[in-house]
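# A look at the structure
So the chains spell out like this:
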Amino acid sequence: MSDLFTPCVDGRDRAKEELPEVMRRTQSDSAAPAAQGAENNCWHHLDIRDVGERLRASPEGLSAEEAQRRLAEHGPNELRRGPGRTWRHRLSDQIVNPLILVLVAAGGVTALLGHFVDAGVIFGVVIINAIVGMLQEGKAEKALESIRQMLSPSAVVLRDGARAKIAAAEVVPGDLVVLDAGDRVPADLRLIQARSLSCQEAALTGESLPANKDVAAVDADAELGDRRSLCYAGTIVATGAGRGYVVATGDATEIGRISGMVSEVEQVQTPLLRKLNRFAAYLTVGVLVLAAASFALGVLWRGFGLSEMFMAAVGIAVALIPEGLPPLVTITLALGVRRMAKRNAIVRRLPAVEALGSVTVICTDKTGTLTRNEMSVQRIAAAGREYAVSGEGYSPEGAISVASQGGGAVKVDGDDALAAALRAALLCSDASIHRDGDVWQMVGDPTEGALVAAAARGGIDVAGERDGHRRLDVIPFDSERQYMATLDAAPDGPPTIHVKGAPEVIMDRCDRSLGATGPEPIDPDAWLERVRRLSDDGLRVIAVARREAPSGGDTLAEDDVAGGLVLVALFGLLDPPREEAVAAVARCRSAGIRVKMITGDHADTAAAIARAVGIEEVGQPLRGRDLAAMNDAELRDSVGITAVFARAAPEHKIRLVQALQERGEICAMTGDGVNDAPALKRADIGVAMGIQGTEAAKEAADMVLADDNFATITAAVEEGRTIYDNIRKAITFILPVSGGQALVVLAAIVFGVTLPITPVQILWVNMVTAVTLGLALGFEPAEEDVMARPPRPRDEPLLSGFMIWRVLFVSVLMVVPSFGLFFWAQINGADLDTARTMAVNALVVAEILYLFNSRFFVAPSMPVRGFVGSSIALYSAAAILLAQAAFTYLPPLQALFNTAPLGGGAWLAITGCGVAVFLCVEVEKFVLRTWTSIR
C-alpha cells in the first residue's frame, strides 16, 4: 500500500484521549477511498494530484452509481446522535443526593406529624429543584443539536460531469463540491481550485477576519487556522469561488470531531454544589446520631416512655434539619442572577452564580472580548516618519500625529507624504463607513474599513476623493497574488494605479519609495526594518504603492503592476483592546485572579494585546503545536507560568482547562465559537459571548455575556463573591436557630423536664421565620473589600472554623431566653401552653435581632449601622412580628400550635432577652476584631 495512506501524526493525535472513537480509526478497505479523517491523513499537506488519486476522484466528479456506493459505505453526511439519557434518568439523579434526601426526610417527618400543608411545601421544593436540575442537564444535548444545525442543508456537486444540487446529507468522500460566496461548506474539502476565495472560520478558529484560501499544500504540522488548502464543514464562504474534493463527512469532519468532544466531556460540578452535598451528608449523619442518642438517653437514663421520647427525638430531628436552607440558597442565587443580568451577564445555571466568586483563573479569548473586534490603523510609516493614529472603531473622529515628536494632530493639507499614503489606501479600498444613529458602521472588509476611517481622521474628504478619482478598473485581491490594484482617474493628469497588499509582495514590485520631496531610490533594508518593528508590536502590516498608468488607458492588467511601483507607506493595523478591559484585568489582579489568553490568532498579535491590557508575565506565548508536543505533566507546569496561548485548537483548549483544574484552580473559560464548546462545558464556569457567540457555545456555557465584554466577567465575579458571602451569612443565621431549638429539646431531656417547644412549633419557626428572615440576607450589597480578597481555596469547607464557632456560640445563646422564660412563666403560675408560647416568641425575637448581627460577619452593627441600609431586613422583621402575633392570638393558629395569648409584661421580658442576645453577639464581634485576624 502506498505511503500516502500512512497517517500524518500531528499535535492533535497526542491529545487523542479527548477525541471520539470515530476520529481515531483509519480507513483500510482497499475498495474505498482513504478519506474520513482529514486530521490524521494530512490532506492539507498533499499535492492536488495525490489527493485525487487517493480519493479515486476526478475533476468531472463521481458517477451517480459510485456516489450511491460510497453513501452506503460511509453513511450520510450527518452528525451522529447519541442515545442520550431519558428524562427519568436525569430526574432520578436530581433526587438521589444527600441534600434532597434530607428534604425528603424532613417532609416525611412533617407529614407524620400531621402538618400536611408544610409537608406539601417541602415536597414542592424537592420537585421544583429536581425539575430545574433535570432541564439544566439537558443543555449538553442542546449544544450538540446547535452544532448539528451548523451543517449546510444542501450542496452543489459535480455528478457525471454536470452540476447537481443535492441534500448535504448525500455528500460523500470524493465528491467535487462547487463553492460560491455566501455558501455554507457542506463537508471538509481539499481545494483544487480557488479564485479570491476566503471563508469565515471564526466559529472554528476564533479569528475574526475571513481566512484566505488557496490550493497550495502547506506543512504537515500546520495548525488549523493555517491550513489554507482546506475548507471546513459549517464555515461560510465570505468571498470568491472555488472547488474542492470532499475528504471527510459527518462525524469525521472537524465540526463532527468537536461535536464528539462535547458529548464526551464531563461537566464539572460547581464548588457550591460540592460543598452543599458534603454538608448535607454530614448533617444527615449528625441528625440521625443525635436523635438516636437523645432517644436512648431519655429512655435508659431518665426513664421516659417510648412514645414520649420518640416525639422528643423527632423534635430534635426537625429542629436540626434546616428545611429553609435549600430554598434560601436557590432564592439567593436567583437574586444574584437578576443583579448580574442588569450588568449584562446572563446566567444559565444557578450554581454558576456562586462559582464565579470562587474563580482563580479566567481563560479569555482575545477578539471581541479583550479587544473591540474592530480593526483600526494604529501607525503609519511614510517618508522616513512614523505617525500614530487615534480614534475608536470605524468612526472618522480621531487624529493623526507624528509619533516621534509627540505633538498635536497632523492634517493632510500640510503633509504631502501623509496625504499620498491616505489617498492611496482609500482609493484602493472598497469598504465604506456610515453613521447609524450614534454608532459608526462599516460595510465591507474590516481591514479596508480601518483604512477608510484612517483617511477620514487625517482630514481627507472620503466621498469627495472617490468622486474626484473615479475608478476605471480593478484587480481584486486574490490569496495567491496577495495584493489588490485599482486604476483611478486623476482630475489633472493621467490615471494612477494604486496597489495595496502584503509588504513583501508589494516591495518586490517597487524600485522607488516616496520621500519628503518626492520619489527616491528605495532602501529595502530600511523598509523591512520598519515592517519588522510594526510586526513585533503585534500589528498587521499592509503596504501601499502607486504609479502612473503606463498605457494611459482605462484598463488594468497584472503586467501593469509587475514592477515600477513607488512604495508610499506602511499601515500597521490592530484590533485594539477595550479600555474597560484594561481596568477589568487590573481589578482581577487586585482580587488575586490570574488572566490567561487562549486564542486562535497569531502569537505576536496575542502577546501585543496581552501586554496592552496588562496581563502580567506575558513572556513567550505557547502555540498549539507547542502544547501538542507536551505530555500532561509538562503542560501542568507550563500552564502555571504562561499567560498567552496562541493558535489554539479545541483539544488544546480543553487540555489547558484540565491542566489548570489539576493544579487546583477554579477556571472560568470564555469563548464564542463551536470550537470553544468542549472547553466551555469542561470549565468550572463556561462563559459564552452573546453578540458574536454561536448557539453551540451559548448552549454549552453557564453564562452568556450580553455585551461580549471582559469587564462584564469581572463584574460577575464581584457579584459571585457577594452572593457567596450572603449565602454564608444566611447559613450562620439559620444554623444557630436550628441548633438553639435542638439544644432546648436536648436540655429538657437531660434535666428531665417537659419540652419547652413542641416539634410542631419548631417546624413553624423553621419554615416561616428562618426562611423569611434569612432571605433578607440575600439582598445584602457587596462589602467594601470583596474584590480585595484573594480567591477562596477550592477545598475550603462551607463552614469555616469561624462559622462553626459562631453557630455554636449563638446556638447556646438562643437556649437561654427560650428555656429561661419557659421556666419563669411556669414559676409565675402560667399554664403549659402560655409558657411554651413565651418560649417560642423569645426564640423568634432573639432570631430577629440576630438577623441584624448577621449583616456583617465581624464588623459592628451598632449603634445603627446594622439597622439601616437594608429595608428588606426591616420589612422581614416586621412581617415576622405580624406572623408571631397571629401565631399567638388567632384562635385557629392557637388550636393548631397549642399557643395562648400573652400580656404586656411577657412581651417586655421577651424583648429584653432578645436585646441581650444581640449585645452578646456584638461583644463577641469586638473580641474577634481585637484579638484575631478575622475580618
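Residues numbered from 1 in each chain as written. Predicted model: local features only at pLDDT ≥ 70, side-chain atom pairs only at ≥ 80, totals over all residues. Heavy atoms only, no water.

### Some points on the nonpolar core
- Ile362, Ile615 and Phe710 are the most contacted members of the largest nonpolar core, which has 145 residues in total.
- Leaving out residues up to four positions away in the same chain, Phe710 has contacts with Ile362, Thr364, Thr369, Leu370, Ala581, Ala584, Val585, Cys588 and Val595.
- Residues Val389, Val402, Ala431 and Met442 belong to the second largest nonpolar core, which totals 38 residues. (Core = buried A, V, L, I, M, F, W, Y, C linked by side-chain atoms within 4.5 Å. Buried < 20%, exposed > 50% of the residue type's maximum accessible area, 1.4 Å probe, protein only. Contact = heavy atoms within 4.5 Å.)

### Concerning the sheet that holds strand 26 (residues 685–689)
- The sheet built from 8 strands is open, its strands ordered 8-27-26-25-9-22-24-23 with mixed pairing. Sheet topology places strand 8 (345–347) and strand 23 (622–623) at the edges, where each strand pairs with a single neighbour.
- Where strand 9 (residues 361–364) lies against strand 22 (residues 594–598), 4 bridges are found, and the strand directions are parallel. When the bridges of strand 22 are listed, Ile362 appears paired with Val595.
- Across the sheet, helix 26 (residues 710–751) is in contact with strand 8, strand 9, strand 22, strand 25 (667–671), strand 26 and strand 27 (703–705); its angle to strand 9 comes to roughly 155 degrees. (Pairing = 2+ DSSP bridges. Helix = DSSP H or I, 4+ residues; strand = E, 2+ residues; numbered from the N terminus. Axes fitted to C-alpha atoms, helices over the stretch in contact; angles between N-to-C directions.)

### Here's the deal with unusual backbone geometry
- A positive phi is found at Asp160, a non-glycine position, where the angle reads about 55 degrees.
- By the secondary structure assignment, Asp160 is in the loop between strand 1 (154–159) and strand 2 (162–167).
- Positive phi is not limited to glycine here, since Arg647 has a value of about 50 degrees.
- Position of Arg647 among the secondary structure elements: in the loop between strand 24 (644–646) and helix 23 (650–662).
- Residue classification places Arg647 among the buried residues on the basis of a relative accessible area of 5%.

### Let's talk about a nonpolar patch on the surface
- Residues Val923, Phe926, Val927 and Trp931 make up a contiguous nonpolar surface patch of roughly 470 Å² in combined accessible area.
- Overall, the relative accessible area of 39% leaves Val927 in the partly exposed class. (Patch = residues over 30% accessible without salt bridge, like charges linked within 9 Å, V, L, I, M, F, W, Y side chains within 5 Å. Areas by Shrake-Rupley, 256 points an atom, 1.4 Å probe, with all protein chains shown as cover. Salt bridge = Lys/Arg side-chain N within 4 Å of Asp/Glu carboxyl O.)

### Structural notes on the packing of aromatic side chains
- For the structure shown, the criterion picks out 8 aromatic pairs.
- Between Trp764 and Phe887 the ring centres are 5.2 Å apart and the planes differ by 25 degrees, which places this aromatic pair in the stacked class. Here Phe887 lies in helix 30 (residues 871–889) and Trp764 lies in helix 27 (residues 759–776), a separation of 123 residues in the sequence. Neither Trp764 nor Phe887 differs from the other in exposure class; each is buried.
- Seen from their ring centres, Phe887 and Phe897 are 5.4 Å apart, and the 50 degrees between their planes marks the pair as tilted. Of this pair, Phe887 sits in helix 30 while Phe897 sits in helix 31 (residues 891–897), and the two are 10 residues apart along the sequence. (Phe/Tyr/Trp six-rings, centres within 6.5 Å; stacked < 30°, edge-to-face > 60°.)

### Description of the packing of helix 29 (residues 832–853) against helix 32 (residues 904–931)
- Two numbers describe how helix 29 lies on helix 32: the axes approach to 8 Å, and their chain directions differ by 35 degrees. As for the relative orientation of helix 29 and helix 32, their crossing is right-handed in sense. Contacts between helix 29 and helix 32 involve Met838, Asn841, Ala842, Val845, Ala846, Leu849, Tyr850, Phe852 and Asn853 on the former and, on the latter, Ala906, Trp907, Ile910, Thr911, Gly914, Val915, Val917, Phe918, Val921, Glu922 and Lys925.
- The residue makeup of the contact of helix 29 with helix 32, split by class, is 14 nonpolar, 4 polar and 2 charged. (Left-handed = near helix turned anticlockwise from the far one by under 90°. Nonpolar A, V, L, I, M, F, W, Y, C, P; charged D, E, K, R; others polar.)

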